Amino acid sequence: MSCSLSDYPKSPFKFDKEVREILKAELQKVLHDDQFLTEIEAQEKLNSLLEWFCRAPKNTFFRINTLITDADTVTNYIKKNCHPTPSVSIYPDFPELITVSNPWNSTKYGIIMHSVEVIVDATCGAAVMRGAHVFAPGVVGIPHGTKPGDFVSVFADASKKCKKGSTTFNGEKVYLGNGIIKMTREYLFGNITKYPSGIAVKMTELLSGVPILSDTCLPKGFGLLQNVPSIVCIKVLDPQPGETVLDMCAAPGNKTTHIAALMKNQGRIIALEKIKSKIEKLQNNCKDFSVKNVEIFCIDSTKAVAEDLSSVKINPLCPPFPEETFDRILLDGPCSGLGQRPQIFNSISPAELRSYVPLQRKLFSTAVRLLKPSGILVYSTCTITLAENENMVAWALKTHSCLELQSVPDRIESLGLQDAEVKYSVGFPVEDLQSELAKKDFFTWARFSVQTNMQKLLKHSWINIYIFSS
Ligand SMILES: C[S@@+](CC[C@H](N)C(=O)[O-])C[C@H]1O[C@@H](n2cnc3c(N)ncnc32)[C@H](O)[C@@H]1O
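In this text, all values refer to a predicted model and were calculated from it rather than measured experimentally. (Residues numbered from 1 in each chain as written. Predicted model: local features only at pLDDT ≥ 70, side-chain atom pairs only at ≥ 80, totals over all residues. Heavy atoms only, no water.)

## Some words on the packing of aromatic side chains
Stated formally: Stacked, tilted and edge-to-face pairs are distinguished by plane angle, under 30 degrees for stacked and over 60 for edge-to-face with tilted covering the rest, among Phe, Tyr and Trp rings (Trp via its six-membered ring) whose centres lie within 6.5 Å. A run of H or I in DSSP counts as a helix once it spans at least four residues, and a run of E counts as a strand once it spans at least two, with each numbered from the N terminus. For the exposure calls, accessible area comes from a 1.4 Å probe over protein chains only, and a residue counts as buried if that area is under 20% of its type's maximum, exposed if over 50%, partly exposed in between.
Evaluation of the coordinates by the stated rule reveals seven aromatic pairs. Seen in terms of ring centroids, Phe13 and Phe53 are 6.0 Å apart; in terms of plane orientation they differ by 90 degrees. Their pairing is edge-to-face. Here Phe53 lies in helix α2 (residues 39-54) and Phe13 lies in the loop between β1 (2-3) and α1 (17-27), a separation of 40 residues in the sequence. The interplanar angle of 85 degrees and the centroid separation of 5.1 Å between the aromatic rings of Phe321 and Phe326 together place this pair among those described as edge-to-face. An identical accessibility class is assigned to Phe321 and Phe326; each is buried. Within the aromatic cluster, the residues linked to one another by ring pairs are Phe13, Trp52 and Phe53.

Following this line, the structure appears as structure tokens:
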């Protein structure tokens, strides 16, 4: 049987009509040519947005760790270690970025399924859609009798109903592609080891059409898979050697390591993270990426300002910090994450969807207090809601009169990144933005991936970036 992209699911929100209603209501607040959408128009736009959530971006991006290597070296590794060999683009003006893509279009004709099915969980499925192999912890179902070397088709459980260790699964599933089994069922689900690890299915063909590769095709610390908007986020933060920079919500540290590279390991980075269990990964990432100028603290960043100056330890720089300590601050905080794709199964509740704004505001106000005069604060989210993006900007400008919104498109232009597949659209004009200042400056907000009319669906993952100066 042949399968094509049109067989992908149409929405990742399986159970929650209310979440769709919230998103639709938000779409109806967006002005298009000075007019609001009708309910039918909003529904159409929502449908294309939901479908877009389920698709993988077409290109794969690596960020090169310029502290220890360069784009040419990494290109050679990728060409040598990834099969089939992908095409690689490098950008002289953007030395830490390479784009990796398939030289052929495998999505056009579909691919032929094998009769033996392996089922993986939704998280593993999303990684496979983006070019990863199947690792042992992600497998939930595999038939009896399969042996290493067998050709199989890989499916993702799209409704979280497949029980770990199943032999067959007839629930809702998404076809991802084909591969070769590397592990026995006994190793995966028997008593041989409690925590099986390593590649369980080596993928050979992907329906999503992206090249098959993973971080492991490079020596440790040479680079990582990172979406281009996340890379741009730190480019526009533009940290300089010798500065004091705060990364307020740092784990797992993908952006911290980029900040260190741009600072050439000179100056100080303070990386804060609230969740203790994420600190080890953050530390290991910094170590693997040869970061020498970071100090990591496990604290709630909303409490990072010293209210009592007698508790301040200036040297070493430890939290809580005095006001106006940092030259640049990155606030890449918790958000509803709806722009991360592909999403196979999303169980976010309406309450959770609404829960982020109060915390984001607290973190933002802390950041403003910690920023030096003339400092730069970058606020970024990987979600699409107006509440966490445009409305946050309006609130921030109204609440913190010391702030000025800078233009992300201008900054991108001044950094010479125009040729490097950096595509963005400006923010939305929104009905209930109260601040005249915000209205005036709305063209300076950058949303990546989706055009202002939300119809032209581009290939990158979503991130919204807002730059403020004080
Ligand atoms: C979007 S992730 C950050 C990703 C990171 N910037 C990167 O690029 O690798 C948000 C992080 O903020 C952490 N976080 C949530 N609330 C926090 C708080 N109050 N203080 C500090 N960190 C917090 C979360 O645990 C999570 O690791």
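Structure shown, so let's carry the discussion forward.
## Observations concerning unusual backbone geometry
Between Ala251 and Pro252 the backbone carries a cis peptide bond, its omega angle lying at 5 degrees. When you line up the elements, Pro252 lands in the loop between β15 (244-247) and α7 (254-262). Located in the positive-phi region is Asp238, a residue other than glycine, with phi close to 55 degrees. Here Asp238 is to be found in the loop between α6 (228-237) and β15. At Lys264, a position not held by glycine, the phi torsion is positive, near 55 degrees. Within the fold, Lys264 resides in the loop between α7 and β16 (268-273).

## Focus: the packing of α6 against α7
A pair of packed helices is characterised by two quantities: the angle between their axes and the separation of those axes. Where we set the bar: Note on geometry: axes are C-alpha line fits, over the in-contact stretch for helices, and angles between N-to-C directions span 0 to 180 degrees. For classification purposes, an angle smaller than 35 degrees is called roughly parallel, one larger than 145 roughly antiparallel, one from 65 to 115 roughly perpendicular, and anything else oblique. Rotating anticlockwise by less than a right angle from the far helix to the near helix defines a left-handed crossing, while the corresponding clockwise rotation defines a right-handed one. Contact criterion: two residues are considered in contact whenever any of their non-hydrogen atoms come within 4.5 Å of each other.
In the contact formed by α6 and α7, the axes pass within 10 Å of each other and the chain directions differ by 40 degrees. For the element pair α6 / α7, the angle class is oblique. Pair α6 / α7 crosses with right-handed handedness. Residues Ser230, Ile231, Cys233, Ile234, Lys235 and Leu237 of α6 form the contact with α7, whose participating residues are Lys255, His258, Ile259 and Leu262.

## Here we look at the site of the ligand
Threshold: One heavy atom within 4 Å of a molecule or strand is enough for the residue carrying it to be called near that molecule or strand. Contacts described as polar in this section are N or O atom pairs within 3.5 Å, which, within protein, must combine one atom able to donate a hydrogen with one able to accept it, while residues neighboring in sequence count only if both atoms come from side chains. In this classification, Asp, Glu, Lys and Arg are treated as charged, Ala, Val, Leu, Ile, Met, Phe, Trp, Tyr, Cys and Pro as nonpolar, and every other residue, Gly included, as polar.
Around the ligand, a shell composed of 19 residues is seen, among which Asn254, Glu273, Asp300, Ser301 and Asp332 lie nearest. Interatomic distance of 2.9 Å between a backbone N/O atom of Asn254 and an oxygen atom of the ligand. Separating an oxygen atom of the ligand from a side-chain N or O atom of Lys255 is a distance of 3.2 Å. Class assignment for the residues of the shell around the ligand results in nine nonpolar, four polar and six charged.

## Observations regarding the nonpolar core
Filter applied, for reference: Think of a nonpolar core as a cluster: buried Ala, Val, Leu, Ile, Met, Phe, Trp, Tyr and Cys residues, connected wherever their side-chain atoms sit within 4.5 Å.
Grouped together as the largest cluster of nonpolar side chains are 38 residues, with contacts concentrated most on Val118, Val134, Val154 and Leu176. Within the residue set of this core, elements represented by two or more residues are β8 (117-120), α4 (122-129), β10 (139-141), β11 (151-157), β12 (173-181) and β13 (199-206). Sequence-distant contacts of Val154, defined by excluding residues within four places in its chain, comprise Val118, Val120, Val134, Val174, Tyr175, Leu176, Gly177, Val201 and Met203. Judged by nonpolar contacts, the second largest core, of 34 residues, contains Leu97, Leu237, Met263 and Ala271.

## What to know about the pattern of salt bridges
When charged atoms on two side chains of opposite charge get close, those side chains can pair. Condition: When a carboxyl oxygen of Asp or Glu is within 4 Å of a side-chain nitrogen of Lys or Arg, the pair counts as a salt bridge.
Scanning the model with the defined rule gives 13 salt bridges in all. Look at the salt bridges and you will find they share partners, linking Glu21, Lys24 and Glu39 into a network.

## Things to note about the environment of Pro241
With respect to the helices, strands and loops of the structure, Pro241 is situated in the loop between α6 and β15. Pro241 sits in the partly exposed class, given a relative accessible area of 36%. Taking C-alpha positions, Pro241 is 4.8 Å from Gln266, a pair spaced 25 residues apart along the chain. Pro241 has contacts with Leu262, Met263, Lys264 and Gln266, leaving out every residue within four places of it along the chain.

## Section: the sheet that holds β8
Selection criterion: Two strands are counted as paired when DSSP detects at least two bridges linking them.
If you walk across this open sheet you meet the six strands as β9-β13-β12-β11-β8-β10, and the pairing is mixed. Of all the strands in the sheet, the pair left with one neighbour each is β9 (134-135) and β10. Two elements, β12 and β13, share five bridges in a ladder whose sense is antiparallel. By the bridge assignment for β13, Gly177 is matched with Leu206.

## Concerning the UniProt feature "active site" (unreviewed entry) in the protein chain
The test is simple: UniProt positions are given in the numbering used here, feature names are shortened, and annotations may be inferred rather than shown by experiment.
In the numbering used here, UniProt assigns the feature "active site" (unreviewed entry) to Cys382. Along the polypeptide, Cys382 turns up in the loop between β19 (371-381) and α10 (390-399).

## Considering the sheet that holds strand β14 (residues 223-225)
One open sheet holds the four strands; their spatial order is β5-β6-β4-β14, and the pairing between them is antiparallel. Here the strands that pair on one side only, and so sit at the sheet edges, are β5 (87-90) and β14. On average, each strand axis in the sheet is tilted by 25 degrees relative to the strand beside it, whichever way the strands run. As judged from the four bridges shared by strand β4 (residues 60-64) and strand β6 (residues 97-101), these two strands associate in the antiparallel manner. Bridge pairing in β6 links Arg63 to Leu97.

## Considering empty space enclosed by the protein
Definition in use: Cavity and pocket criteria rest on a 1 Å grid covering protein atoms alone: a 1.4 Å probe that fits but cannot get out defines a cavity, protein on both sides within 12 Å along at least 5 of 7 lines defines an open pocket, and an atom within 4 Å of a point defines a lining residue. Grid points are joined across faces, edges and corners, and a volume is the space filled by probe spheres set on the points.
A full pass over the atoms with the stated rule returns two cavities of 30 Å³ or more. Approximately 40 Å³ is the volume attributed to the second largest cavity. Forming the walls of the second largest cavity are Leu331, Gly333, Pro334, Cys335, Gln360, Leu363, Tyr379, Ser380 and Thr381. Sorting the residues of the lining of the second largest cavity by element identifies α9 (350-370) and β19 as the ones contributing at least two each. Of the residues forming the lining of the second largest cavity, the biggest block, three residues, is contributed by β19. When grouped by side-chain class, the residues that make up the lining of the second largest cavity number five nonpolar, four polar and no charged.

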